[in-house]
Amino acid sequence: MNIHEYQGKELFRAYGVPVPRGHVAFSIEEAVSHAKELDSNIAAVKAQIHAGGRGKAGGVKIAKTHEEVRTYAKELLGKTLVTHQTGEEGQVIQRLLIEEGVDIEREYYIGLVLNRETGRVSFMASKEGGMDIEEVAENTPEKILYEEIDPLVGLTAFQGRRIAYGLGLPKKAAKQGVELFQKLYKLYLQTDASIIEINPLIITREEKLIALDAKLNFDDNALSRQEGIRGYRDESEEDPKELEAGKYDLSYIALDGNIGCMVNGAGLAMATMDIIKHYGGSPANFLDVGGSATRENVANAFRILLSDENVKGVFVNIFGGIMKCDVIAAGIVEALKTVEMNVPLVVRLEGTNVDKGREILANSQVEVLSAFSMDDGAKKIVKATKSPQ
Amino acid sequence: MSIYVNRETKLVVQGITGATAKFHTKLMKEYGTNIVAGVTPGKGGETVEGVPVFNTMREAVKKTGANASVIYVPPGLAADGILEAAESKIGLVICITEHIPIGDMINVKRYLEDKETILIGPNCPGVITPDECKIGIMPGYIHRKGHIGVVSRSGTLTYEAVHQLSELGMGQSTAVGIGGDPVNGTSFIDVLKGFNEDPDTHGVIMIGEIGGTQEEEAAEWVKENMKKPVAGFISGVTAPPGKRMGHAGAIISGGKGTAEEKIKVMKAAGIAIADTPSTMGKTMAELMNK
């Protein structure tokens with residue numbers, strides 16, 4: 001789960017990581033009044049959306065007067081911001097962070113992320129602050145410092161010192177840095193974060209470190225035990241269909257094709273998309289109904305699929321293991337009692353309780369093109385969606 | 001021969017009183033798996049499908065001599081189940097549970113570093129040696145005894161591969177699902193090593209997916225060490241970057257972990273890649289007949 005920069009900075013404050021003074025604003029008036037409260041020579045007006053690249057896309061403005069804050073707030077609120085991470089459709093700006101300006105002497109990059117190769121959290125740092133870290137890693141990997149964190153002891157002081165000296169922090173700031181790095185790891189651990197990035201972490205002329213940005217991401221699997229983090233969720237930033245699917249414990253991702261897919265298992269769901277493409281079709285979505293879906297969940301999955309206007313045909317590809325074929329079949333029959341189906345439906349069932357599942361479909365009024373294999377099903381649905389109706 | 005599980009396997013089912021566990025305990029028993037115990041805290045003294053239930057793993061292992069466990073407990077409690085199994089000195093733990101917090105798995109992996117216990121999964125379908133022992137949630141009837149080893153990050157794609165092999169008359173030595181999580185126990189390389197040393201395995205199918213670099217590392221290992229033919233498949237060629245495709249570990253991030261890259265490295269290591277998921281069996285058959 002993603003959160004906004006201003007929410008990330010709230011967490012930083014709570015863990016003693018210094019951030020500039022600032023407030024979130026939902027309206028132009030709020031933005032101006034927060035700027036007045038700040039009483040700072042310059043104020044940053046920062047668009048709050050769940051995507052990086054905001055600065056380059058014009059989502060961050062520096063205002064010298066309260067009137068300029070008003071002008072920028074007016075310009076940004078309600079505007080659709082397109083960054084390299086939002087996709088073409090962009091994201092509507094509904095919140096702004098109004099923040100005091102700070103003197104920047106130097107910029108650094110700090111990141112905590114899971115290293116999948118070692119199964120440990122990796123602390124990363126670089127002098128190339130403000131730059132796209134993926135580019136730095138690609139072009140000049142030697143400029144990134146790494147420390148692997150042993151979960152037994154956490155990020156140790158000596159590791160913190162290695163990073164601080166590696167970044168070339170002056171003596172006073174080095175001491176502050178070690179504490180700051182350890183506080184960040186504590187935050188990462190206690191909130192079940194999956195990413196914490198500060199880009200840039202800055203040092204002022206007075207040799208004080210301040211987090212100028214905050215990018216935090218949390219492990220969805222741990223949200224059930226992270227009540228505070230759950231409260232930060234902003235559903236307006238998420239795809240409505242993906243959100244609805246999530247309510248029924250379905251894993252759904254919208255794509256731009258016209259063949260709706262319902263599959264059990266993530267690997268098979270991806271492979272189903274791949275084989276549709278292989279035969280010249282185009283998948284409208286990724287949908288994994290998971291292993292523990294009930295008949296109702298399956299019915300809801302089917303409704304979500306059919307609510308996509310682009311869908312010209314549906315391919316159900318099930319290889320039952322923990323998922324039982326009869327549950328899938330019953331769910332389809334139930335969904336089609338309430339939703340009209342005007343497009344072809346190809347169903348391939350195999351695995352646990354396959355005979356029961358086939359029987360349910362055969363005894364129903366549902367019009368089904370049966371497929372005897374994944375290959376057969378993919379060919380049938382691609383053909384059915386291409387032929388004139 | 002086979003790897004990980006066989007007729008000697010004595011299984012304990014952790015979380016045996018849950019609905020899913022009960023259902024699969026029945027199916028595993030019907031398949032012929034020797035289930036000697038179940039564990040659910042607070043339910044000690046009960047029986048499930050004729051299997052005695054204990055309160056703790058230590059007690060279950062001591063009283064029954066179990067040498068493997070399978071975990072069906074809910075995600076918030078599953079990591080503790082793995083730790084308890086390892087502490088009871090059981091040799092093999094297979095964790096079916098999906099959605100375990102990553103932070104928990106980081107601790108589990110660290111705890112297992114100096115233990116003898118092998119962890120398979122989590123978020124996996126389990127391990128089966130056809131006609132001998134089935135541990136997990138895979139449908140038993142699709143398997144045939146034979147000489148192809150199967151290893152995969154995806155449960156349902158494992159079934160797909162096994163089904164295709166069986167229909168072509170090629171049985172399996174052992175099929176292993178290593179799971180779709182970013183932090184897991186047994187890796188592709190671990191399983192490939194096992195198959196390489198198993199005289200009854202004559203060829204291997206390896207099924208990967210987008211995200212991480214396990215497939216690339218395995219391909220390097222195959223190139224240097226593997227004495228047997230390997231066929232492969234990678235799912236997610238059409239997956240958009242930055243999106244988690246169902247499995248917590250299936251994500252292309254920062255341009256890393258793409259299907260194209262994995263396929264390229266695997267081909268370079270001499271692995272025969274199936275064009276579509278429906279030709280995994282055929283690709284293996286062609287390789288074996290060369």
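Our subject is the structure that appears above.
Keep in mind the model is a prediction, meaning the values are calculated, not measured.

**Student:** Explanation requested: the overall build of chain A in the structure shown.
**Tutor:** Each helix and strand in chain A was counted, giving 13 helices and 18 strands. Considered along the principal axes of its C-alpha atoms, chain A spans approximately 80 × 50 × 40 Å. Considering only residue pairs separated by 6 or more positions, chain A has 68% of its internal contacts joining residues 24 or more positions apart. Here chain A has roughly 17,400 Å² of accessible surface; of this, 48% comes from carbon and sulfur atoms. Counting 46 positive and 58 negative side-chain charges, chain A places the centres of these two groups 2 Å from one another.

**Student:** Sorry, what's going on with the packing of aromatic side chains here?
**Tutor:** Where two aromatic rings form a pair, the distance of their centres and the angle of their planes describe that pair. Across all of its chains, the model carries two aromatic pairs over all chains by this definition. Here the guanidinium or amino end of Lys324 of chain A rests over the ring plane of Phe23 of chain B, the centre of that ring lying 3.9 Å away. Between Lys115 of chain B and the ring centre of Tyr111 of chain B, over which it is positioned, the NZ or CZ distance is 4.1 Å.

**Student:** Help me understand the interface of chain B and chain A in this model?
**Tutor:** When the parts come together, some accessible area is lost, and that loss is often what is quoted as the size of the interface. Listed as interface residues are 54 residues of chain B and, on the opposing side, 45 residues of chain A. The interface formed by chain B and chain A contains five salt bridges. Its salt-bridge partner being Arg120 of chain A, residue Glu113 of chain B comes within 2.8 Å of it at the nearest N-O pair. Between the two partners, chain B and chain A, sit 17 residue pairs in polar contact (both at pLDDT 80 or more).

**Student:** Explanation requested: the nonpolar core in the structure shown.
**Tutor:** Across soluble globular proteins, you tend to see nonpolar side chains buried next to one another. Counting residues in each nonpolar core, the largest one holds 96 residues, and the members touching the most others are Val13, Val70, Ile94 and Met245 of chain B. Here the element with the most residues in this core is helix α9 (residues 266-278) of chain A; it accounts for eight residues. Other than its neighbours up to four places away in sequence, Ile94 of chain B contacts Ser69, Val70, Ile71, Ile120, Cys124, Gly126, Val127 and Ile135 of chain B. Counting residues in each nonpolar core, the second largest holds 68 residues, with Leu180 and Leu216 of chain A together with Ala37 and Met105 of chain B among its members.

**Student:** Help me understand the sheet that holds strand β1 (residues 22-25) of chain A, please; the structure alone is not making it clear to me.
**Tutor:** Working definition: the strands of a sheet are paired by backbone hydrogen bonds and lie parallel or antiparallel to each other. Residue and element names in this part refer to chain A. Strand order in the open sheet made by the four strands is β1-β6-β2-β3, with antiparallel pairing throughout. The open sheet terminates on both sides in strands that have one partner only, identified here as β1 and β3 (60-63). Strand-to-strand, the axes of this sheet are offset by a mean angle of 20°, without reference to chain direction. Pairing between β1 and strand β6 (residues 96-100): four bridges, direction antiparallel.

**Student:** Is there a simple way to explain the environment of Glu220 of chain B in this structure?
**Tutor:** All names here are of chain B. When you line up the elements, Glu220 lands in helix α7 (residues 214-225). By relative accessible area, Glu220 is classed as partly exposed at 41%. Sequence-wise, Glu220 and Ile189 are 31 residues apart; in three dimensions their C-alpha atoms are separated by 9.5 Å.

**Student:** Even after reading the chapter, I still don't get the sheet that holds strand β10 (residues 145-152) of chain B, so can you show me in this structure?
**Tutor:** Residues and elements named next belong to chain B. With respect to topology, seven strands assemble into an open sheet ordered β9-β8-β11-β10-β12-β13-β14, the strand pairing being mixed. The outermost strands of the open sheet, each flanked by one partner alone, are β9 (133-136) and β14 (272-273). The sheet contact formed by strand β12 (residues 203-209) and strand β13 (residues 230-235) spans six bridges and is parallel. The residue bridging Glu209 from the neighbouring strand is Ser235, located in β13. Here helix α8 (residues 259-268) sits on the sheet and contacts β12, β13 and β14; the angle it forms with β13, its principal contact strand, is near 170°.

**Student:** What exactly am I supposed to notice about the environment of Lys380 of chain A here?
**Tutor:** All names here are of chain A. Note on placement: Lys380 falls in helix α13 (residues 374-386). Classification of Lys380 by relative accessible area gives partly exposed; the value is 29%. Separated by 11 residues in the primary sequence, Lys380 and Leu369 place their C-alpha atoms 8.0 Å from one another.

**Student:** Any chance you could explain the side chain of Thr283 of chain B here in plain terms?
**Tutor:** Residues and elements named next belong to chain B. Within the secondary structure, Thr283 is located in helix α9 (residues 280-288). By relative accessible area, which is 13% here, Thr283 ends up buried. A polar side-chain atom of Thr283 sits 2.6 Å from the main-chain carbonyl oxygen of Thr279. Once you skip the residues sitting within four places of it in the chain, Thr283 turns out to touch Ala231, Ala272, Ile273 and Ala274.

Scoring rules and cut-offs
- Residues numbered from 1 in each chain as written.
- Chains lettered and ligands numbered in written order.
- Predicted model: local features only at pLDDT ≥ 70, side-chain atom pairs only at ≥ 80, totals over all residues.
- Heavy atoms only, no water.
- Helix = DSSP H or I, 4+ residues; strand = E, 2+ residues; numbered from the N terminus.
- Contact = heavy atoms within 4.5 Å.
- Areas by Shrake-Rupley, 256 points an atom, 1.4 Å probe, with all protein chains shown as cover.
- Lys, Arg positive; Asp, Glu negative; His and termini not counted.
- Charge placed at Lys NZ, Arg CZ, Asp CG, Glu CD.
- Phe/Tyr/Trp six-rings, centres within 6.5 Å; stacked < 30°, edge-to-face > 60°.
- Lys NZ or Arg CZ within 6 Å of the ring centre and 35° of its normal.
- Salt bridge = Lys/Arg side-chain N within 4 Å of Asp/Glu carboxyl O.
- Polar contact = N/O pair within 3.5 Å; in protein donor to acceptor, adjacent residues only side chain to side chain.
- Core = buried A, V, L, I, M, F, W, Y, C linked by side-chain atoms within 4.5 Å.
- Buried < 20%, exposed > 50% of the residue type's maximum accessible area, 1.4 Å probe, protein only.
- Pairing = 2+ DSSP bridges.
- Axes fitted to C-alpha atoms, helices over the stretch in contact; angles between N-to-C directions.

Keep in mind that these numbers describe shape and distance, not what the molecule does.
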